[in-house]
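# Report on the structure
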Amino acid sequence: LGLQLAVKRCQKALLPAVEAKEEGVANDQPCEDQQGMLDAKECDGPTIRVMDIGAGSGLLGMLSAKAGADEVMLVEKVPQLLQVAVDCVNANDLDAEIFLVQAHSQSLSAEEPEERLHIAVAEIFGDAPLSENCLATFLHARQHMLHPGASIVPCRLRVVAALAHVAGA
């Protein structure tokens, strides 16, 4: 159920950008991104750039590419997991849209506006949603990697807690 929800949220975040790109191509509009910057690619509409934080196998990044993202950056700090992502990307023939970075996402920074990304996706949660320092990770992404107003998926968390008493503890 968690994976299905992540896929739906990833598609929902990409939908407005993909529709705007298709509309721009249909109306033969100039190639500009959301900030009015000229796109470095051929005039096919704005480039949609996504970052998959803590990519693991790269599933969310690959789904983003399949859903219409032009460029996807998979960021994974664990070398063994990054190799799994490389294998998965190659097996799905997505190496043209996806590039991989071995790093902790908080060590990255987009210096120029054209390097900034439009959407960040992540599935870095275990059984405790705040255990992976996700709030600091998303804050860093918003401040250093994303365009203003960019989408982050998931965009909110719900933490449910219950008080319990364990006799003898």
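Remember, predicted model here, so these are calculated numbers, not experimental data.

Along its length, the protein chain carries four helices and five strands. Taking all 169 residues of the protein chain together, 39% fall into the buried category. Nonlocal contacts in the protein chain, meaning residues at least 24 apart in sequence, comprise 67% of its contacts between residues at least 6 apart. Surface accessibility of the protein chain: about 10,200 Å² in total, with carbon and sulfur atoms responsible for 54%.

Okay, the pattern of salt bridges next. Across all of its chains, the model carries one salt bridge by this definition. Residues Glu-71 and Arg-49 are paired through a salt bridge, measuring 2.7 Å at the closest nitrogen-oxygen approach. In this pair, Glu-71 is assigned in strand E2 (residues 71-76) and Arg-49 in strand E1 (residues 49-53), connecting sequence segments 22 residues apart. According to the relative accessible area criterion, Glu-71 is partly exposed, its value standing at 25%.

This brings us to a negative patch on the surface. On the surface, Glu-111, Glu-112, Glu-114 and Glu-115 cluster together to form a negatively charged patch. Counting through the fold element by element, Glu-114 comes out in the loop between strand E3 (98-102) and strand E4 (117-122).

With that out of the way, let us pick up the sheet that holds E1. Strands in a sheet are paired, the pairing made by backbone hydrogen bonds, and the direction either parallel or antiparallel. Strand order across the open sheet formed by five strands is E3-E2-E1-E4-E5, with parallel pairing between neighbours. Edge positions in the sheet fall to E3 and strand E5 (146-153), since each has one partner strand and no second. Each adjacent strand pair in this sheet contributes to an overall mean axis angle of 20°, direction not counted. Note: E1 against E2, five bridges, orientation parallel.

With that out of the way, let us pick up the environment of Pro-148. Inspection of the secondary structure assignment puts Pro-148 in strand E5. With a relative accessible area of 61%, Pro-148 lands in the exposed category.

Take helix H4 (residues 134-144) next. Burial in H4 covers these residues: Cys-134, Thr-137, Phe-138, His-140 and Ala-141. Around the axis of H4, the buried residues are gathered within 160° of arc, so they sit on the same side. Looking at the buried positions of H4, the neighbouring elements they touch are E1, E4 and E5.

Glancing now at the confidence of the model for the protein chain. Mean pLDDT over the protein chain works out to 79, with 70% of the residues at or above the 70 mark. Contacts of residues 25-43 to residues separated by more than four positions or lying in other chains number 28 contacts, the stretch itself having pLDDT below 50.

Note that an α-helix has 3.6 residues per turn; residues three or four places apart therefore point the same way. Within the span of helix H2 (residues 59-67), buried status applies to Leu-60, Gly-61, Met-62, Ser-64 and Ala-65. A positive phi of about 125° marks Gly-68, the residue just after H2.

Moving on to the pairing of E3. Across five bridges, E2 lies against E3 in parallel orientation. If you follow Val-75 over to E3, its bridge partner there is Val-101.

Quick notes on the rules
- Residues numbered from 1 in each chain as written.
- Predicted model: local features only at pLDDT ≥ 70, side-chain atom pairs only at ≥ 80, totals over all residues.
- Heavy atoms only, no water.
- Helix = DSSP H or I, 4+ residues; strand = E, 2+ residues; numbered from the N terminus.
- Buried < 20%, exposed > 50% of the residue type's maximum accessible area, 1.4 Å probe, protein only.
- Contact = heavy atoms within 4.5 Å.
- Areas by Shrake-Rupley, 256 points an atom, 1.4 Å probe, with all protein chains shown as cover.
- Salt bridge = Lys/Arg side-chain N within 4 Å of Asp/Glu carboxyl O.
- Patch = residues over 30% accessible without salt bridge, like charges linked within 9 Å, V, L, I, M, F, W, Y side chains within 5 Å.
- Lys, Arg positive; Asp, Glu negative; His and termini not counted.
- Charge placed at Lys NZ, Arg CZ, Asp CG, Glu CD.
- Pairing = 2+ DSSP bridges.
- Axes fitted to C-alpha atoms, helices over the stretch in contact; angles between N-to-C directions.
- Arc of directions from axis to C-beta.
- pLDDT = per-residue confidence, 0-100.

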